[in-house]
Amino acid sequence: MKSKHILLFSLLALAACKTETGDQNQTTSQPQMSGIQIDRTDNPEWRHENLRLYPLVADAAFVAGHAAAGNYIGLKDAMAMPKFRIVEKKPFGRFGDSGAVNVLTVENRTNFPVFLMSGDVVKGGNQDRIIAEDMVVPPVAIADAPVFCVEQGRWQYREEDAGDAAAKKVYAFKGYYNVASGDLRRTVKETQNQNEVWAKVGDITSANDATNGTSAYTGLEGSEAFVAARGQYLRYFEGKFGQLENVVGVIAVNGDNIIGADVFAHPDLFQKQFPALLHSYVTDAVTHKNTGTLSESKLDGWFYGFEQAWMKKGASDTKFYDQGMMIHFSHFSR
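Residues numbered from 1 in each chain as written. Predicted model: local features only at pLDDT ≥ 70, side-chain atom pairs only at ≥ 80, totals over all residues. Heavy atoms only, no water.

(A) Quick look at the nonpolar core. Ranked by size, the top nonpolar core spans 70 residues in total, and within it Leu51 and Tyr217 carry the most contacts. The greatest single-element share of this core, amounting to ten residues, is contributed by helix H7 (residues 267–287). With near-sequence residues (within four places) excluded, Leu51 lies in contact with Trp46, Tyr233, Phe237, Ala252, Val253, Ile259, Tyr281, Val282 and Ala285. Ranked by size, the runner-up nonpolar core spans 22 residues in total, among them Tyr54, Val63, Phe303 and Ala309. (Core = buried A, V, L, I, M, F, W, Y, C linked by side-chain atoms within 4.5 Å. Buried < 20%, exposed > 50% of the residue type's maximum accessible area, 1.4 Å probe, protein only. Helix = DSSP H or I, 4+ residues; strand = E, 2+ residues; numbered from the N terminus. Contact = heavy atoms within 4.5 Å.)

(B) Molecular detail of the sheet that holds strand S10 (residues 114–116). Here three strands make up an open sheet; going across it, the order is S7-S10-S13 and the pairing mixed. Looking at the sheet topology across the chains shown, the edges are occupied by strand S7 (73–74) and strand S13 (135–137). In this sheet, S10 lies alongside S7 in parallel orientation, the contact comprising two bridges. Bridge pairing in S10 links Gly74 to Phe115. (Pairing = 2+ DSSP bridges.)

(C) Quick peek at the pairing of strand S17 (residues 257–264). Of all eight residues making up S17, seven are buried, and the element is well covered by its neighbours. Bridge count for strand S16 (residues 247–254) against S17 is six bridges, and the pairing is antiparallel. Directly across from Val250, in S17, lies its bridge partner Asp262. Turn length for the S16-S17 hairpin, with the two strands adjacent in sequence and antiparallel, is two residues, and the turn residue Gly255 shows positive phi of about 65 degrees. For S17 and strand S19 (residues 325–332), the ladder comprises five bridges, and the chain directions are antiparallel. Each residue of the ladder has a partner; that of Asp262, found in S19, is Ser330.

(D) Spatial organisation of the sheet that holds strand S9 (residues 103–108). Strand order in the open sheet made by the six strands is S8-S9-S14-S12-S11-S15, with antiparallel pairing throughout. In this open sheet, the two edge strands, each paired with only one partner strand, are strand S8 (84–88) and strand S15 (173–179). Taking each pair of neighbouring strands and ignoring which way they run, the sheet shows an average axis angle of 35 degrees. Taken together, the two bridges between strand S11 (residues 120–124) and strand S12 (residues 129–131) define a ladder with antiparallel strand orientation. Pairing of Val121 across the sheet is with Ile130, part of S12. (Axes fitted to C-alpha atoms, helices over the stretch in contact; angles between N-to-C directions.)

(E) Just the packing of aromatic side chains, in detail. With the rule as written, the count across this model stands at twelve aromatic pairs. On the numbers, 6.0 Å between centres and 90 degrees between planes, the contact of Tyr177 with Tyr217 is edge-to-face. Residue Tyr177 is located in strand S15, and its partner Tyr217 is located in the loop between helix H5 (194–207) and helix H6 (224–237); the two are separated by 40 residues in the primary sequence. As far as burial versus exposure is concerned, Tyr177 and Tyr217 are alike and both buried. (Phe/Tyr/Trp six-rings, centres within 6.5 Å; stacked < 30°, edge-to-face > 60°.)

Set out below in structure tokens:
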């Protein structure tokens, strides 16, 4: 088997297929992910129990064309910086804004553009939230971020944060959690509905015996079994992709089921995002321990849909862009 398989099926090797209708020829272009390959090497280092990760590798031209994206930092790193914070929207004089619960204010006073990824979960404020859409906050800028609540039973500042007077004054968020499971990310993306988000949080915490008093997604930390199982996966995959050249994303497979894929603009941005993103795939693998092995034909069929989504333009384009660059593309299985 070839170690790398360009995301263009061998059966579709021609650039176009021509069919005749009457006296006219119709040409239909086949989708392809220009500049990106999937590494299909059967490397045991990329598989642990029921979770397998396929690296997505960019060519030199793709990396060079997105070089500026290597300077972006993710939300986890930004929240560790003193000049960056996320706060509740209401303390900024907009107490009459009924939509404030679904919007947080991001203050970026660093010199870096900060990438907030749909699925990032932040802890604190009046209730934990999940970022609803990909966005970039430029250096030395303030922006509002769309969010959904992932903690239904709380609407007050936590007592453990109350000792920090400066934080309490603006209801600042004190912690970054991780990227939410693919199940929850897909629910946010496809439904944009708070009740659906709460229901999915309940499904995930219940499945892991992590039901908690405030119905918080971060209540997963209260399940010893979940934390122990997650830790095994995280330790196994730690550093596995750091030595591979030009990796810009991964496709995650749970047994015989494809969880989904994430592609980033630059290898450096992927490396910054991967530790938090790995939590997403691992949570799915622990929650749904699918058995079996994914067939090559099923993988190829999924790739075709992946390619089609990648190639869509205009209103149908689901990739996230900033400064004219494709920054992030996610695609989930249904």
